[in-house]
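Descriptive structure summary
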Amino acid sequence: MERKWWKEGVAYQIYVRSFKDSNGDGIGDLRGIIEKLDYIKSLGVDMIYLNPINKSPNEDNGYDISDFEDIMVEFGDLNDFAELLKGIHQRNMRLIMDMVINHSSDEHPWFIEAKKSKENKYRDYYIWSKGKGNNPPNNWGSFFGGSAWELDENTGEYYLHIFSKKQPDLNWTNKELRMDMKNMLKYWAGKGVDGFRMDAINHLAKDMNFPDGEVKEGALYGDFIPYVQNLPEVHDYLKELKRDVFTDSHVVIGETGGINYENAHVYTGVNNKELDFTFHFDLHSVGKGENPWERVDIDLIKDLKEKMTGWATRDEQEGWCPVFYSNHDTTRTVSRLGDDKKYHKLSAKMLATLQLTHKGTPFIYYGDEIGMTNADDFKLEDYRDTSIFTRYCECVLSGMVSHENYIKGLNLTSRDNSRTPMQWSDRENAGFTNATPWINANSNYQEINVEQQEKEYDSILNFYKKLIALRNKELTLVYGDFKEVDKENTSIYAYLRILGNKKVLVICNFFGKDAQLKLSEDILLSDFKLEVCNYEDNEDNSLIENERIINLRPYESKVYISEI
Ligand code: GLC
Ligand code: CA
């Protein structure tokens, strides 16, 4: 296995808008992160991944860029960026930036030009088509609700937007556009950025014949996925970027919907030279019922074990993978996969155990290290995500769903759940800002916050630090082979990590009731020493029956290490 910094380190993802406001405007910013660099370093992480920080009118919080080479006004300027990068490097950490190159903002000068006339130099930087009579070119519905086409009255043609209408898709068949994009990426690489997370990257190519999509039962629009996702030309574009822009010292990560452990190698295979690894969507909707306002129990084997083991046991040649539960597009980890009420602390620690001992680079989403939860008491007016309002029109105003169920659904599944301000302390607005925050803090910030957990010796925060330190010193947790134990167990996820003579045994009970693990013949517990347990008493031997069966308490997790 080839050694790489981005395989060995632990990453920390920051949704800049919600991390720390340094200048009292209610919006997180780069200087806020600078203030908190020592905190981040104290976790033991090696890399920071920032959600987009480029200039943007913020229709989709920075995923709609109006200047690819400048910083979002609310976040600061290029001098702040330089200081931040320097501060990160001085602390021996690295920076991964989010690059949104599938689309721009409709306020980008290119799009403003493109709309002026069909002959404009920038017209072909975007994707245009004539309508069918008074209707859009086809029936594609966008990811954020409504049609994927918007009429430009001035020129009488429609432009494609697979996300919001303020995010027109760029035309990657255009060579000049590709050249501009490569120069832009080189500009950031030239500043010393260490890695890139390429947003929605497997959408760069589209079927330019624009065939109608299949209209699935209950849907208003046709399914456009087969025509805008994972098309063969995407590979050409990625190879071109890898060849012309990135070097071996960069890490290049792609966000790739519709890709799983069985086919990710088409992007990450070590001979493809496209991406180092991909962010998948495997765990995003675990626990989601058929209706978004209903929660169903986790099927541990199908929802989690099969998928996570699938990623961890791929052939080396197929590429690397991340280990993450949450990001800015999901709900909070402990609310979705644990029990954020009765077993808040234990289940958050159990999930941390799994994340930091599994195979792949752990990406800790800001706030997960203190067990931040869903904001499940938000009302419609508390939400900020642009997609919520388009969908509200599509679902509630059309009578498909009641207002109450829609809100219940948001409480359970909205991505705003994981965009609330970082909970630094029990002071007003969770210590995030002294102004009105752009989105409300979760109402539980007085109980769940950094200041409190730094003091409390068995807090979730201190548990994370302990596990990160363990991972940093134990190469078995990075490169060790992955072998599941008691695979059929429906309550416990257990596995061995093996490197040379060294073995690590990890056991995680995923539910709020006692459970038993059966060890296979080749595992002798007396060969191992208990290294980490999420129960304070660190109780061990009393729970073992005949060395073959381990009894676990609700949400209990254990990490054993052997030398044999
Ligand atoms: C990605 C981002 C998401 C954004 C979308 C459009 O999926 O993660 O937050 O809304 O792309 O750029
Ligand atoms: Ca600010």
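Residues numbered from 1 in each chain as written. Chains lettered and ligands numbered in written order. Predicted model: local features only at pLDDT ≥ 70, side-chain atom pairs only at ≥ 80, totals over all residues. Heavy atoms only, no water.

**Thoughts on the nonpolar core**
Counting 166 residues, the largest nonpolar core has Tyr12 and Ile40 as its most contacted members. When residues are assigned to domains, this core turns out to be shared by domain 1 (109–160) and domain 2 (480–562), each giving three or more. The next biggest cluster of nonpolar side chains, apart from the first, holds 13 residues, and it includes Trp149, Ile162, Ala200 and Phe210. (Core = buried A, V, L, I, M, F, W, Y, C linked by side-chain atoms within 4.5 Å. Buried < 20%, exposed > 50% of the residue type's maximum accessible area, 1.4 Å probe, protein only. Domains from an automatic or database assignment.)

**Here's the deal with the coordination of the calcium ion (ligand 2)**
In the first shell of the calcium ion (ligand 2), the protein supplies Asp21 (OD), Asn23 (OD1), Asp25 (OD), Ile27 (O) and Asp29 (OD), at 2.2 to 2.3 Å from the metal. Spacing between the donor residues of the calcium ion (ligand 2) along the chain follows D-x1-N-x1-D-x1-I-x1-D. What makes Asp21 buried here is its relative accessible area of 5%. Classification of Asp25 by relative accessible area gives partly exposed; the value is 33%. (Donors = N, O, S within 2.8 Å, 3.2 Å for Na, K, Ca; no water.)

**So, the UniProt feature "domain: Glycosyl hydrolase family 13 catalytic" (unreviewed entry) in the protein chain**
UniProt feature "domain: Glycosyl hydrolase family 13 catalytic" (unreviewed entry): in the numbering of this structure it lies at residues 13–419. Helix makes up 30% of residues 13–419 and strand 12%. Its end C-alpha atoms lie 12 Å apart. (UniProt positions renumbered as here; feature names shortened; annotations may be inferred. Helix = DSSP H or I, 4+ residues; strand = E, 2+ residues; numbered from the N terminus.)

**Here we look at unusual backbone geometry**
Backbone geometry at Asn58 places phi at a positive 65°, although glycine is not the residue there. Inspection of the secondary structure puts Asn58 in the loop between strand 3 (54–55) and strand 4 (67–71). With a phi close to 60°, Asn92 is a non-glycine residue in the positive phi region. For Asn92, the location among the structural elements is in the loop between helix 4 (78–90) and strand 5 (94–99). According to the relative accessible area criterion, Asn92 is exposed, its value standing at 63%.

**Here we look at the side chain of Glu474**
The residue Glu474 is located in the loop between helix 16 (460–473) and helix 17 (476–479) in this model. Excluding anything up to four places from it in sequence, Glu474 contacts Lys502, Val504 and Ile561. (Contact = heavy atoms within 4.5 Å.)

**Things to note about the domain arrangement of the protein chain**
Here the protein chain is partitioned into domain 1 (109–160) and domain 2 (480–562). Taking only C-alpha atoms, the centre of domain 1 and the centre of domain 2 are 57 Å apart.

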